[in-house]
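What follows is each chain in one-letter form.
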Amino acid sequence: MTNDLTESVAEQSDPLEVSVWRSAGDGGAFQAFKVPAQDSQTVLDVVAWIQQNEDPTLSYRFACRVGMCGSCAMMVNGQPRWTCRTHVRKVLDGNRIEIAPLRNLPVIKDLATDMDPFFDKWVAAEGVFHPSKSRDDAIEQINPASAPRARADAGIECINCSICYAACDSVASDPEYLGPAALNRAWTLFNDAKDDGAGVILDAVSAKGGCHACHSMGSCTHACPNELNPMASIAGLKREIAKSFFKRGKA
Amino acid sequence: MIRPHRTHPLWFAFIVHRISGIALALFLPLHFWILSYALNAPERLDGFLHWTDYPLVKVAEFGLVFLLAVHVFGGLRLMALEWLPWSANQKTLAAAAVGVSLLISGTFFLRAL
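Residues numbered from 1 in each chain as written. Chains lettered and ligands numbered in written order. Predicted model: local features only at pLDDT ≥ 70, side-chain atom pairs only at ≥ 80, totals over all residues.

### Considering the overall build of chain A
The secondary structure content of chain A amounts to eleven helices and seven strands. Over its C-alpha atoms, taken along the principal directions, chain A stretches across nearly 65 × 40 × 30 Å. Counting every position in chain A, which comprises 251 residues, the buried fraction comes to 41%. By sequence separation, contacts in chain A at least 24 residues apart represent 65% of the contacts at least 6 residues apart. (Helix = DSSP H or I, 4+ residues; strand = E, 2+ residues; numbered from the N terminus. Buried ≥ 20, exposed ≤ 12 C-beta atoms within 10 Å, placed from the backbone. Contact = placed C-beta atoms within 7 Å.)

### Overview of the domain arrangement of chain A
Residues and elements named next belong to chain A. According to the domain assignment, chain A consists of domain 1 (2-113) and domain 2 (116-246). A separation of 31 Å is found between the C-alpha centroids of domain 1 and domain 2. Between domain 1 and domain 2, the contact holds 14 residues from the first and 15 residues from the second. Of all the secondary structure elements, the ones that give two or more residues to the side of domain 1 that touches domain 2 are strand E3 (73-76) and strand E4 (79-82). (Domains from an automatic or database assignment.)

### Focus: unusual backbone geometry
All names here are of chain A. For Arg65, which is not a glycine, the phi torsion comes out positive at approximately 65 degrees. Residue placement: Arg65 occurs in the loop between helix H2 (43-53) and E3. Overall, Arg65 belongs to the partly exposed group, with 16 C-beta atoms counted inside 10 Å. Of note, the phi angle at Ser162 is positive, near 75 degrees, even though the residue is not glycine. Turning to its location among the elements, Ser162 is positioned in the loop between helix H5 (147-153) and helix H6 (163-167).

### A look at the interface of chain B and chain A
One widely used convention gives an interface's size as the accessible area the parts lose upon coming together. The partner chain A presents 17 residues to the 14 residues of chain B that form the contact. Contributions of two or more residues to the side of chain B that touches chain A are made by helix H1 (9-40) and helix H3 (55-83) of chain B. The dominant element in the side of chain B that touches chain A, judged by the number of residues it contributes, is H3(B), at four residues. Of the residues assigned to the side of chain B that touches chain A, the class counts are eight nonpolar, three polar and three charged. (Nonpolar A, V, L, I, M, F, W, Y, C, P; charged D, E, K, R; others polar.)

### What about the nonpolar core?
All names here are of chain A. In terms of nonpolar packing, the biggest core is built from 62 residues, with Ile99, Leu183, Ala186 and Val205 touching the most fellow members. Here this core takes seven residues from helix H8 (residues 180-190), the largest share from any one element. Excluding residues within four positions of it along the chain, Ala186 makes contact with Ala125, Glu126, Gly127, Ile201, Ala204, Val205 and Leu237. (Core = buried A, V, L, I, M, F, W, Y, C linked by C-beta atoms within 7 Å.)

### Examining the sheet that holds E3(A)
All names here are of chain A. Reading across the sheet, the five strands line up as E2-E1-E5-E3-E4 and stay open at both edges, with mixed pairing between neighbours. Among the strands making up the open sheet, the edge pair consists of strand E2 (29-35) and E4. When the angles between neighbouring strand axes are averaged without regard to direction, this sheet yields 35 degrees. Strand direction decides the pairing type here: E3 and strand E5 (residues 96-100), joined by two bridges, are antiparallel. When the sheet's bridge partners are listed, Val76 is paired in E5 with Ile99. (Pairing = 2+ DSSP bridges. Axes fitted to C-alpha atoms, helices over the stretch in contact; angles between N-to-C directions.)

### Observations concerning the environment of Arg85(A)
All names here are of chain A. Relative to the elements of secondary structure, Arg85 occurs in the loop between E4 and helix H3 (88-91). A residue is classified by how many C-beta atoms lie within 10 Å of it, and Arg85, with 16 of them, is partly exposed. Not counting chain neighbours up to four residues away, the residues in contact with Arg85 comprise Thr42, Gly67 and Pro225.

### Structural notes on the environment of Glu54(A)
Turning to its location among the elements, Glu54(A) is positioned in the loop between H2 and E3. For Glu54(A) and Pro230(A), which are 176 residues apart along the polypeptide, the C-alpha to C-alpha distance reads 39 Å.

### Considering the pairing of E4(A)
When a strand is regular, its side chains alternate between the sheet's two faces. Residues and elements named next belong to chain A. Neither face of E4 is open: one carries Gln79 and Arg81, the other Pro80 and Trp82, and all of them are buried. Where E3 and E4 come together, four bridges link them in antiparallel fashion. Its bridge partner lying in E4, Val76 is registered against Gln79. Between E3 and E4, which follow one another and run antiparallel, lie two residues, and Asn77 among them has a positive phi close to 50 degrees.

### Notes on the packing of helix H11 (residues 230-246) of chain A against H3(B)
Between H11(A) and H3(B), the least distance of the axes is 7 Å, while the angle of their chain directions is 75 degrees. Of the possible angle classes, the one that applies to H11(A) and H3(B) is roughly perpendicular. Across the interface between the two elements, Ala235(A), Lys238(A) and Arg239(A) of H11(A) pack against Leu81(B), Glu82(B) and Trp83(B) of H3(B). Among the residues forming the contact of H11(A) with H3(B), the class breakdown is three nonpolar, no polar and three charged. (Parallel < 35°, antiparallel > 145°, perpendicular 65-115°, else oblique.)

### Focus: the packing of H3(B) against helix H4 (residues 90-112) of chain B
Residue and element names in this part refer to chain B. Contact geometry of H3 with H4 gives a least axis separation of 8 Å together with a crossing angle of 155 degrees. In terms of orientation, H3 and H4 fall into the roughly antiparallel class. When you trace H3 past H4, the crossing you get is right-handed. Residue composition of the contact of H3 with H4, grouped by class: 17 nonpolar, four polar and three charged. (Left-handed = near helix turned anticlockwise from the far one by under 90°.)

### Re the environment of Arg81(A)
All names here are of chain A. Within the secondary structure, Arg81 sits in strand E4. Looking at Arg81, the number of C-beta atoms within 10 Å reads 26, which means it is buried. A sequence separation of 82 residues divides Arg81 from Ile163, and the C-alpha atoms of the two residues are 6.4 Å apart. Apart from residues no more than four positions distant in its own chain, Arg81 is found in contact with Val43, Ala73, Met74, Val76, Thr86 and Ile163.

Printed below as a string of structure tokens:
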């Protein structure tokens, strides 16, 4: 029954003209597909349809399909987007849609990128928890209304999708730059009362490739699907580094 | 070509700041070189200043004043962004920098006519 309905909708409009990046290693080219248009169709639906009906060798990455896991980000008509939450009708260029792997990351095959450089930079930015207590200590009491907690809360809903990283021209021009997501993570930990790594975080993010490589273009904030503001987080880190400088290195 | 991921106001503010900075860096040495004639060769300076009577040069001066103003106000926005508590209205501030710069350079142009 559902299939009948889907097909009837599909027959009503022209098929989508979809260009999908195909590659295995260096080089590659766009391959054209015609995909039936459907109501409430997402870009991920389009990619899945191609793999299931046209070419089972098409490689891409997804998991949750509801915008929580951050796996399915791709370049859609030149913009980095979470494809599972991007409706085709909102991004169509005429009747065309171009789907490519995320920018600023090495391509493994087709639409699947190697995320290692992205996550390595989270670690390099000290975007890892630095515990301050042992199991014998009382649990730290957090006041959710405190200013540091509010600053941390503003950035913690990151789903690691790498869309900000793909949108950033500073990442594109400086391979050492840690990028907006890693710096945003460092900022949330810096403001977390349970984290004991303020000093090492500031050392990490003030080194070469750190937050001072950001030119405040704001593409990260513009592209973030969860409406976070990595640009504000990076500005916060810059302010804290300046304060630390005047306090002779004390975070 | 401006690629799709760059089509938002703060990226345009970035590129305007960069281009105005480069243009001013190229212009200022020339500007000071010409000004040095005031000390060393006043008659040559007067010769150069006659150029400012040409309409095309007036338009170019309007452009220079705009570049200088937009670089100053855009730079103030960036310094505030990095040194003052965060303000969420960055796009409005960038638009205001362009607006004030147009007002200043436009006033300069109208007075030069």
